[in-house]
Amino acid sequence: MSDAIATRIDRMRYTKNTASSRLALLAIVFDILFFISIYKSDVGTYYYTITIGASIIYNLVFLLAAFLCSEGVKNYRIGYSWALIVLGIVQIARIFILPMNAHGAIVNNMPVMGDGQFVRVVIYLAVSAVCLFASALVNMKKSRTLAKYTASLQA
Amino acid sequence: MAELQLQHLDKIYDNNVQAVYDFNLDVKDGELIVLVGPSGCGKSTTLRMVAGLEDISKGKLLLDGRDITQAPAKDRDMAMVFQNYALYGHMTIYENMAFSLTLRKENPNVIHKKVMAAAEILDLTAQLNKKPAQLSGGQRQRVAMGRAIVRNPKVFLFDEPLSNLDAKLRSSTRREIVCMSMGHVQQVGTPLELYDTPNNLFVASFIGLPPMNLFDVVFENGKLRGKGFEAELSEEQKDMLRSYDRKTIVLGVRPEDISQGEGILAKVSVNENLGMNTLVQGYMGDNCRVTAKLRGWASYRSGDQVSLRFGKMHFFDKETTNAIRKEAR
């Protein structure tokens, strides 16, 4: 192991995992962009009112969970990586719930979601999910390296 | 290599209060200078002027011969450790120590090595992941010092940091003391010089604990006559005081220079055993108070009579307060 790598690993004992934490926060930013964009599709039907109501509640849960995970990964806690992966999977799944259903639907002779809006919200959710997966993977790699290094110091 | 020169520095505040008068000092590379003096004598103001945190009203400040009198603090390559530590409460000890280097955008691995080296010297390695609030006062003081050390500046300025300084850090330094009072430099020298040959009454009374005994005495017929005692002088001392015949001068005797023996009678008021020594306070005559640090264990009671002998004596001019010394011939 080169001196630079050894120093970088030793440095992890005293520095936060800011890369993972920032990626998780970036995922929140893209979720918020999605959140802001989606409500243009409220056309007052019962189906969309229920879906959007559930979406609002889920967004609140997501904001809290993703923020807690960003704090958790900052301290190299590997469990939070799994939570981030779950959140990422749900973000991908969300593409197939609201945007996919709204896109192409016609209510009162009006399209519920146009092509431009659809592409935008799908990108937001996809990038948010990618950030969550990246955050989780970076944290997994770093926390395993740190755990191995700490164990070698204690041995 | 760094050499610092303070030339005729004055500090006059906007309200015309002068805090420092004509401060002159040369600090050589590797030299440790300690400013001592009572509260408000100008120690911190002098340090802040050197650091660039206070404007210099008059005089020049040179670092390696370069005039930095008007240079901003950030361009002086000096690190100052503040009396109140000034640590960032929300950062860990590691982050506090690395902060200045992080701002300079140094390589994180280089920062890490510097922080770890400083932490090792200051015995802070086990505390690096803690926050300042979790540390004791002494540890916080060391963190503040570590933050200065990692910068590797040309000059370190420490405002009252020595009480908890690690011995490893002290071992390789030479020390000189600058004794200050009311903004004036009273004496510059090694601790022993200030203790042994104080320039004036202020230095004599400020350096040493318990402080030096000071008595008003009259030099008469080759003897010193005080209130309730007389002291014999050597020929050399008589010669030195020749111009003060029948005049009042101040006699100074350190408590540790007083021993038991034929000479001056004193009535004991307090007997305090310190282990190897005994601190005896008493009165010579009716109200001439004296403190003696006697060798060994003594058990005097209040009211007991003790016979004392003065060892090394210091003489001061009553009017100028300057030390009376043998003139060079």
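This text goes with the structure placed above it.
None of the values given here were measured: they were computed from a predicted structure. (Residues numbered from 1 in each chain as written. Chains lettered and ligands numbered in written order. Predicted model: local features only at pLDDT ≥ 70, side-chain atom pairs only at ≥ 80, totals over all residues. Heavy atoms only, no water.)

Caption draft 1: Spotlight on the packing of helix α4 (residues 79–95) of chain A against helix α6 (residues 115–154) of chain A. Residues and elements named next belong to chain A. Relative orientation of the contacting elements α4 and α6 amounts to 165°, with a least axis distance of 8 Å. One finds that α4 runs roughly antiparallel with respect to α6. Along this stretch, α4 crosses α6, giving a crossing that reads as left-handed. Residue-level contacts link S81, W82, L84, I85, L87, G88, I89, Q91, I92, R94 and I95 of α4 to V122, L125, A126, S128, A129, L132, F133, S135, A136, N139 and M140 of α6. When grouped by side-chain class, the residues that make up the contact of α4 with α6 number 15 nonpolar, 6 polar and 1 charged. (Axes fitted to C-alpha atoms, helices over the stretch in contact; angles between N-to-C directions. Helix = DSSP H or I, 4+ residues; strand = E, 2+ residues; numbered from the N terminus. Parallel < 35°, antiparallel > 145°, perpendicular 65-115°, else oblique. Left-handed = near helix turned anticlockwise from the far one by under 90°. Contact = heavy atoms within 4.5 Å. Nonpolar A, V, L, I, M, F, W, Y, C, P; charged D, E, K, R; others polar.)

Caption draft 2: Seen up close, the sheet that holds strand β17 (residues 305–310) of chain B. All names here are of chain B. Strand order in the open sheet made by the 4 strands is β16-β15-β14-β17, with antiparallel pairing throughout. The outermost strands of the open sheet, each flanked by one partner alone, are β16 (288–295) and β17. When the angles between neighbouring strand axes are averaged without regard to direction, this sheet yields 50°. Sheet analysis places strand β14 (residues 258–273) next to strand β15 (residues 277–284), joined by 6 bridges and oriented antiparallel. The residue bridging V270 from the neighbouring strand is Q281, located in β15. (Pairing = 2+ DSSP bridges.)

Caption draft 3: Seen up close, unusual backbone geometry. Residues and elements named next belong to chain B. Put simply, L209 and P210 share a cis peptide bond, and its omega is -5°. By the secondary structure assignment, P210 is in the loop between α7 (201–206) and β10 (213–220). One non-glycine residue with positive phi stands out, namely D22, at about 40°. Note that D22 resides in strand β2 (residues 18–27). On the basis of relative accessible area, D22 is assigned to the partly exposed category, the value being 44%. A positive phi angle, close to 55°, is found at D64, a residue other than glycine. (Buried < 20%, exposed > 50% of the residue type's maximum accessible area, 1.4 Å probe, protein only.)

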